[in-house]
Amino acid sequence: MALLRVRGLRKSFGSQPVLRGVSLDVEAGELVCLLGPSGCGKTTFLRVVAGLEEPDGGTLHFGSQDLAQVPVHRRRFGLMFQDFALFPHLNVYDNVAYGLRMAGWKEAAVRGRVAEMLALVNLEGYAGRTVFELSGGERQRVALARSLAPSPRLLMLDEPLGSLDRTLRERLMVELRAILKEVGVTALYVTHDQQEAFAVADRIAVMHRGEFVQIGTPEAVYARPATPFVARFLGLNNLVPARVPSEHPRQALTPLGTFRLPESAHPGEGLLLIRPEVDPEHLGQEGEAGAIWGRVAALSFRGSDYHMELEVHGEGGQDYRLAFILPTHLGRRGGAWPLQVGTRVRLGIHTDQLVFLEGPTPGGTAG
Amino acid sequence: MRRTHPLLYLLYLLPLLFLAAFYFYPLLAIFRISFAPEGRWTLTGIAETVQRPLFWQVLWFTTWQAAASAGLTLVAGLPLAYIFARYEFPGKPLLRALTTLPFVMPTVVVATAFTALVGPSGLLNIWLQALFDLPRPPLRLLGTVWIILLAHVFYNVGVVVRLVGSFWAHLNPHLEEAAAVLGADPARRWWTVTFPLLVPSTVAAGLLVFLFCFTSFGVVLILGGLRYATLEVEIYRQAVSLFNLPVAAFLSLVQILLTFAIMALYTRIQRRASLPLEFRPAQGVARAPRQRGEWLLVSGGLVAGLAFLLAPLLALAWRSFTLGDQGFTLQYYRELAVNRYGSAFFVPPMTAVGNSLLVAAGVVVLGLFLGTASAYLLARPRSRLAALLDPVFLLPLGTSAVTLGFGYIVAMGPWRASLWLVPMAHTLIAAPFVVRALLPALRGLDPRLREAAAVLGASPARVWWTVDVPLLRSAAIVAAVFAFTISLGEFGATLLLSRPDFPTMPVVIYRALGQPGLLNYGKALAMSTLLMAVAAAGIVVIERFRLDAVSEL
């Protein structure tokens, strides 16, 4: 049985529903990321689990304990706020010691635990500093140490890297996962950044308008987005309206031509997702799933790769703009870089690049 | 580098000259009279004063009543501050403005209003007598310390709501929530997080209230009767009733030293009370009350607070129409136009309205002119002179009005009876408010706007006219209204300086209160009601044009 069990959780602010009956299981020691755009309800989910907001409906269980009657300060959970919420009137030591003192620890034991926690987050020697003397990254670590110090049964992190700049964030997300795994804490991690979620999570729960639309491992979610929303949110924007005929369930008919699917799909209307990663072998070739013909509309050099936008003329007169990523070494291998803006090119498509997303297709991707 | 036009230096010089002539020179005169009453340096006068028990009684009363007032004000104001900081409810801006209403009320109006509410023929006494069929008024607060404390609380609750409330509103609610998640129950959240964080702003607000009550004059003079005297009242008595100038001068000196000490303490704490930006919530945290308990707290607190803040003022207006036995009457308003005594010194009360308006208009013009010049001087970027002068321009705020008036009397020699002294004193008292209203707007003015206008071909004068003036307009309106209402209500200095034949409204009210008879009391009520209406209109204008950045005080 899962450690944290959330069933049918509902919450509205005024007439605005924020959580529409969401359910989630978190196993002991697991690190689950709630991923979604701002306003999707992920922070509210965290606050309800923490006990800071009353749910309108649904149940929350931790182990065998029903959390409904347990007030926030008795849940023995940890919560790290996006703005860290370090107590400005206390120094680093007293911030980290706060939860221990609330739990009634003896001062000698507090001292040992605080030292241990500061060592864990690489802040030895910072105990006497005021909060004002810390950099953003240091504050983040103090907040983490403070949350972890009382050994919470469940640690929740609300955009813990959200207020830091990009480079610092990329460094810290790896470090953060290492620390959480070292401690072995069960954790719920909220973020709107898919890279952060991929780097940190054991499992990802993608949230959209108060509902979980897909729950799975990072690799599974990225490989097979469940809905067009998930695909777009992960930055996979090459979506073309498609139909799978019942007589050929492994074929997708699109305005760009017919493509062979990696496996049989449920017949009907939907969107075909074409992944942007291009195998250099397939430039100018026919792929095993098919090919598209297009004109290079934009090309930008990004260092390790090129971003290419391909303008493809579809049946029915509509033009589609698809984005692809080509490794830079492509040019080195063939001597000269083969593509320029305006070049017409054939691009072979592989079956592992394709995912058919069922359901009504509002728009698809165009221009 | 742009050179400053020599004429501008002259403009900068004017407020400094004004300050020297109408602030430092009178204080120097007080100092001289205190230490050298007959031209020779001597300490005997001071030694005599210090040895009199009266001196210590006055000092003791001044201090403890100020402390008690500050304490009671905090008790009354903190719950309201909490409600305004953390809850959203209909009519909030209006209600917040109402809490400041007493603060802009002239002291005479407040004193008169309290007599109209709890005085012998006050509204509460009439109701209680009618309700329980009592032969005599049951509330006998007039002339006791209780009515003084009550009036002081009434006056200053708005200060606490504003100062502590705005700090509280900017306190990140995540801090309390973090404490909750870490295992702190509600009581411990308050004692370990919220309360320690509120202490600096609460102490600062308490100290400010203490300062205001320490120099309280009109309230104590009118409501306290002969038994109670603050330093301020005693200075007035010694100077005017007993004409004991050296004693008055020494008391003024003690008063100045103590108020400056409190001011210095206040500024230090105030600086600590400002929360760094990173500990403020990104969005506003006030929300509508949700549970029943919250609704009860908010509505109960607001009703009680409003009743307390509006009751005296409503009682004043009501009694001005219903005093006596003839029911609703306009008699007392009509009386304002009549000169009952026909004496050369007693003008019809209505002329006092004209006098007050005339003086206030003068103060607005002079105050805006000098205030603008000072603000430009103080807003000069990276100017060491400006940094040095900044606190100097605030000094009049820490000097009591009676002391100032007394200083003019002893310093101005042959001009001591000049009609000009009253507007000068008012301008000086209003100056810190005018400067503080203009300064943030001026500092916030992006210098690149002026540069852009200049590059686009505007001459310096046109730059000022097309960039500075429109952008400073609302701040200037706020400053002007401050000057106007302060002048209209100013009592302490005016009482000492105004000529009998040129009284202002507060002075006429005070005189009418001091004379026996229902008719005189009715006139005081009527005149106070008029003054109250003007002051209330003033706060409406201020609230309308006040930018959030303007409230630097």
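Predicted model, so just to flag it, every value in this text is computed and none were measured.

What counts, and at which threshold
Residues numbered from 1 in each chain as written. Chains lettered and ligands numbered in written order. Predicted model: local features only at pLDDT ≥ 70, side-chain atom pairs only at ≥ 80, totals over all residues. Heavy atoms only, no water. Helix = DSSP H or I, 4+ residues; strand = E, 2+ residues; numbered from the N terminus. Rg over C-alpha atoms; globule rule 2.2 N^0.38 Å. Buried < 20%, exposed > 50% of the residue type's maximum accessible area, 1.4 Å probe, protein only. Contact = heavy atoms within 4.5 Å. Buried area = accessible area lost by both parts, 1.4 Å probe. Salt bridge = Lys/Arg side-chain N within 4 Å of Asp/Glu carboxyl O. Polar contact = N/O pair within 3.5 Å; in protein donor to acceptor, adjacent residues only side chain to side chain. Nonpolar A, V, L, I, M, F, W, Y, C, P; charged D, E, K, R; others polar. Pairing = 2+ DSSP bridges. 1 Å grid on protein atoms, 1.4 Å probe; cavity = no way out; pocket = protein on both sides within 12 Å on 5 of 7 lines; lining within 4 Å. Points joined across faces, edges and corners; volume = space filled by probe spheres on them. Phe/Tyr/Trp six-rings, centres within 6.5 Å; stacked < 30°, edge-to-face > 60°. Lys NZ or Arg CZ within 6 Å of the ring centre and 35° of its normal. Axes fitted to C-alpha atoms, helices over the stretch in contact; angles between N-to-C directions. Core = buried A, V, L, I, M, F, W, Y, C linked by side-chain atoms within 4.5 Å. pLDDT = per-residue confidence, 0-100. Expected span 1.5 Å × (residues − 1). Patch = residues over 30% accessible without salt bridge, like charges linked within 9 Å, V, L, I, M, F, W, Y side chains within 5 Å. Areas by Shrake-Rupley, 256 points an atom, 1.4 Å probe, with all protein chains shown as cover. Domains from an automatic or database assignment.

### Examining the overall build of chain B
Moving on, step 1. Helices and strands together make up the secondary structure of chain B, namely 23 helices and zero strands.
Moving on, step 2. At 25 Å, chain B has a C-alpha radius of gyration in line with the 24 Å of a compact globule built from 553 residues.
Moving on, step 3. Considering only C-alpha atoms, chain B reaches an extent of 65 × 65 × 50 Å along its principal axes.
Moving on, step 4. Burial statistics for chain B: of 553 residues in total, 53% are counted as buried.

### Let's talk about the interface of chain A and chain B
Moving on, step 1. In this assembly, 25 residues from chain A lie in contact with 23 residues from chain B.
Moving on, step 2. Between chain A and chain B the total buried area reaches about 2,200 Å² when both faces are included, carbon and sulfur atoms providing 66% of it.
Moving on, step 3. Our enumeration of links across chain A and chain B arrives at one salt bridge.
Moving on, step 4. Here B:Glu177 and A:Arg47 are joined by a salt bridge, their closest N and O atoms 2.6 Å apart.
Moving on, step 5. Our count for the chain A to chain B interface comes out at six residue pairs in polar contact (both at pLDDT 80 or more).
Moving on, step 6. When residues in the side of chain A that touches chain B are grouped by element, the largest group, four residues, is from helix 2 (residues 92-102) of chain A.
Moving on, step 7. Residues of the side of chain A that touches chain B, tallied by class, amount to 15 nonpolar, four polar and six charged.

### Some points on the side chain of B:Glu294
Residues and elements named next belong to chain B.
Moving on, step 1. Following the sequence through the fold, Glu 294 ends up in helix 13 (residues 292-322).
Moving on, step 2. Judged by its relative accessible area of 13%, Glu 294 falls in the buried class.
Moving on, step 3. A polar atom in the side chain of Glu 294 sits 3.3 Å from the side chain of Tyr 87.
Moving on, step 4. Excluding its chain neighbours within four sequence positions, the residues that come into contact with Glu 294 are Tyr 87, Arg 287 and Pro 289.

### Things to note about the sheet that holds strand 5 (residues 65-66) of chain A
All names here are of chain A.
Moving on, step 1. The strand order across the open sheet built from four strands is 2-1-4-5, with neighbouring strands paired in antiparallel fashion. This sheet does not close on itself; its edge strands, each paired only once, are strand 2 (16-26) and strand 5.
Moving on, step 2. Looking at chain direction, strand 4 (residues 57-62) and strand 5 are connected through two bridges and run antiparallel. By the bridge assignment for strand 5, His 61 is matched with Asp 66.

### Let's talk about the pattern of salt bridges
Residue and element names in this part refer to chain A.
Moving on, step 1. In the structure shown here, the tally under the stated rule is 25 salt bridges over all chains.
Moving on, step 2. Between Arg 101 and Glu 107 there is a salt bridge; the shortest N-O distance is 2.7 Å.
Moving on, step 3. You can call Arg 101 partly exposed: its relative accessible area is 29%.
Moving on, step 4. Residue Glu 107 is classed as partly exposed on the basis of its relative accessible area of 37%.
Moving on, step 5. A salt bridge links Glu 196 to Arg 169; its shortest N-O distance comes to 4.0 Å. Here Glu 196 is found in helix 6 (residues 194-200), whereas its partner Arg 169 is found in helix 5 (residues 166-183), with 27 residues between them in sequence. Across the pair, Arg 169 and Glu 196 agree in class, each one buried.
Moving on, step 6. In the salt-bridge network here, residues are joined through shared partners; they are Arg 166, Arg 169, Glu 170, Asp 193 and Glu 196.

### Quick notes on empty space enclosed by the protein
Residue and element names in this part refer to chain B.
Moving on, step 1. Enumeration according to the criterion identifies six cavities of 30 Å³ or more in this entry.
Moving on, step 2. Put simply, the second largest cavity is a space of about 100 Å³.
Moving on, step 3. Taken together, 13 residues make up the lining of the second largest cavity; nearest its centre are Phe 18, Leu 370, Ser 374, Phe 393 and Ala 431.
Moving on, step 4. Contributions of two or more residues to the lining of the second largest cavity are made by helix 1 (6-35), helix 15 (349-378) and helix 18 (421-443).
Moving on, step 5. With five residues, helix 15 is the largest single contributor of residues to the lining of the second largest cavity.
Moving on, step 6. Looking at side-chain class alone, the lining of the second largest cavity contains nine nonpolar, four polar and no charged residues.

### Re the packing of aromatic side chains
Moving on, step 1. Scanning all chains against the criterion turns up 32 aromatic pairs over all chains.
Moving on, step 2. Relative to A:Phe77, the ring of A:Phe62 has its centre 5.2 Å away and its plane inclined at 55°; by these criteria the two rings are tilted. Of the two residues, A:Phe62 is situated in strand 4 and A:Phe77 in strand 6 (residues 77-80); the sequence distance between them amounts to 15 residues. Accessibility classification places A:Phe62 together with A:Phe77 in one group, the buried group.
Moving on, step 3. Judged by centre distance (5.7 Å) and plane angle (45°), the rings of B:Trp190 and B:Phe195 are tilted.
Moving on, step 4. Assessed through its relative accessible area of 31%, B:Trp190 is described here as partly exposed.
Moving on, step 5. Positioned above the aromatic ring of A:Tyr126 is the side chain of A:Arg129, whose terminal nitrogen or guanidinium carbon lies 4.2 Å from the ring centre.
Moving on, step 6. The ring of A:Tyr222 is capped by A:Arg275, whose NZ or CZ atom sits 4.8 Å from the centre of that ring.

### Section: the sheet that holds strand 17 (residues 319-327) of chain A
Residues and elements named next belong to chain A.
Moving on, step 1. The antiparallel open sheet is built from four strands, whose spatial order is 17-16-15-18. The strands lining the two open edges of the sheet, one partner per strand, are strand 17 and strand 18 (344-349). Averaged over all adjacent pairs, the angle separating strand axes in this sheet is 45°, with direction ignored.
Moving on, step 2. Sheet analysis places strand 16 (residues 305-313) next to strand 17, joined by nine bridges and oriented antiparallel. Opposite Glu 311, over in strand 17, you have Arg 321 as the bridge partner.

### Digging into the nonpolar core
Moving on, step 1. Core analysis: the biggest nonpolar cluster contains 220 residues, and A:Leu24, A:Phe45 and A:Leu188 have the highest contact counts within it.
Moving on, step 2. The dominant element in this core, judged by the number of residues it contributes, is helix 7 (residues 145-169) of chain B, at 16 residues.
Moving on, step 3. Discounting chain neighbours no more than four positions away, the residues touching A:Leu24 are A:Leu4, A:Arg5, A:Val6, A:Arg7, A:Val32, A:Leu34, A:Phe45, A:Leu188, A:Ala205, A:Phe212 and A:Ile215.
Moving on, step 4. Listed in part, the 57 residues of the second largest apolar core include A:Leu100, A:Leu180, A:Phe233 and A:Val355.

### Remarks on unusual backbone geometry
Moving on, step 1. Backbone geometry places A:Glu159, a non-glycine residue, at a positive phi of 45°.
Moving on, step 2. Relative to the helices and strands, A:Glu159 is located in the loop between strand 7 (154-158) and helix 5.
Moving on, step 3. What makes A:Glu159 buried here is its relative accessible area of 7%.
Moving on, step 4. Of note in the backbone geometry, B:Asp133 takes a positive phi value of approximately 55° without being a glycine.
Moving on, step 5. Topologically, B:Asp133 is positioned in the loop between helix 6 (123-132) and helix 7.
Moving on, step 6. The exposure class assigned to B:Asp133 is exposed, which follows from its relative accessible area of 68%.

### Details of the confidence of the model for chain B
Moving on, step 1. On average, chain B scores 84 in pLDDT, and the residues at 70 or more come to 94%.
Moving on, step 2. Note that residues 548-553 of chain B has pLDDT below 50 and, in this model, twelve contacts with residues that lie over four places away or in other chains.

### Quick notes on helix 4 (residues 136-148) of chain A
All names here are of chain A.
Moving on, step 1. For helix 4, built from 13 residues, the straight-helix expectation of 18 Å at 1.5 Å per residue is met to within 8% by its first-to-last C-alpha distance of 18 Å.
Moving on, step 2. With twelve of 13 residues buried, helix 4 is to be regarded as a mostly interior element.
Moving on, step 3. Looking at helix 4, one finds that the buried residues are Gly 137, Glu 138, Arg 139, Gln 140, Arg 141, Val 142, Ala 143, Leu 144, Ala 145, Arg 146, Ser 147 and Leu 148.

### Things to note about a nonpolar patch on the surface
All names here are of chain B.
Moving on, step 1. Taken together, Leu 7, Leu 8, Leu 10, Leu 11, Leu 13, Leu 14, Leu 17 and Phe 369 make up a surface patch of nonpolar side chains, about 710 Å² in accessible area.
Moving on, step 2. No other element matches the seven residues that helix 1 contributes to the nonpolar patch.
Moving on, step 3. Here Leu 13 shows up in helix 1.
Moving on, step 4. Residue classification places Leu 13 among the partly exposed residues on the basis of a relative accessible area of 42%.

### Quick notes on the domain arrangement of chain A
A common measure of how large an interface is: the accessible area buried when the components associate.
Residue and element names in this part refer to chain A.
Moving on, step 1. Here chain A is partitioned into domain 1 (4-228) and domain 2 (236-358).
Moving on, step 2. Look at where the C-alpha atoms of domain 1 and domain 2 centre, and you get two points 39 Å apart.
Moving on, step 3. Counting from both sides, the interface comprises seven residues of domain 1 and, opposite them, nine residues of domain 2.
Moving on, step 4. Between domain 1 and domain 2 the total buried area reaches about 650 Å² when both faces are included, carbon and sulfur atoms providing 58% of it.
Moving on, step 5. Viewed at the interface, domain 2 and domain 1 are joined by one salt bridge.
Moving on, step 6. Here Glu 263 and Arg 224 are joined by a salt bridge, their closest N and O atoms 3.8 Å apart.
Moving on, step 7. Here domain 1 and domain 2 share three residue pairs in polar contact (both at pLDDT 80 or more) between them.
Moving on, step 8. Across the side of domain 1 that touches domain 2, the residue classes break down as five nonpolar, one polar and one charged.

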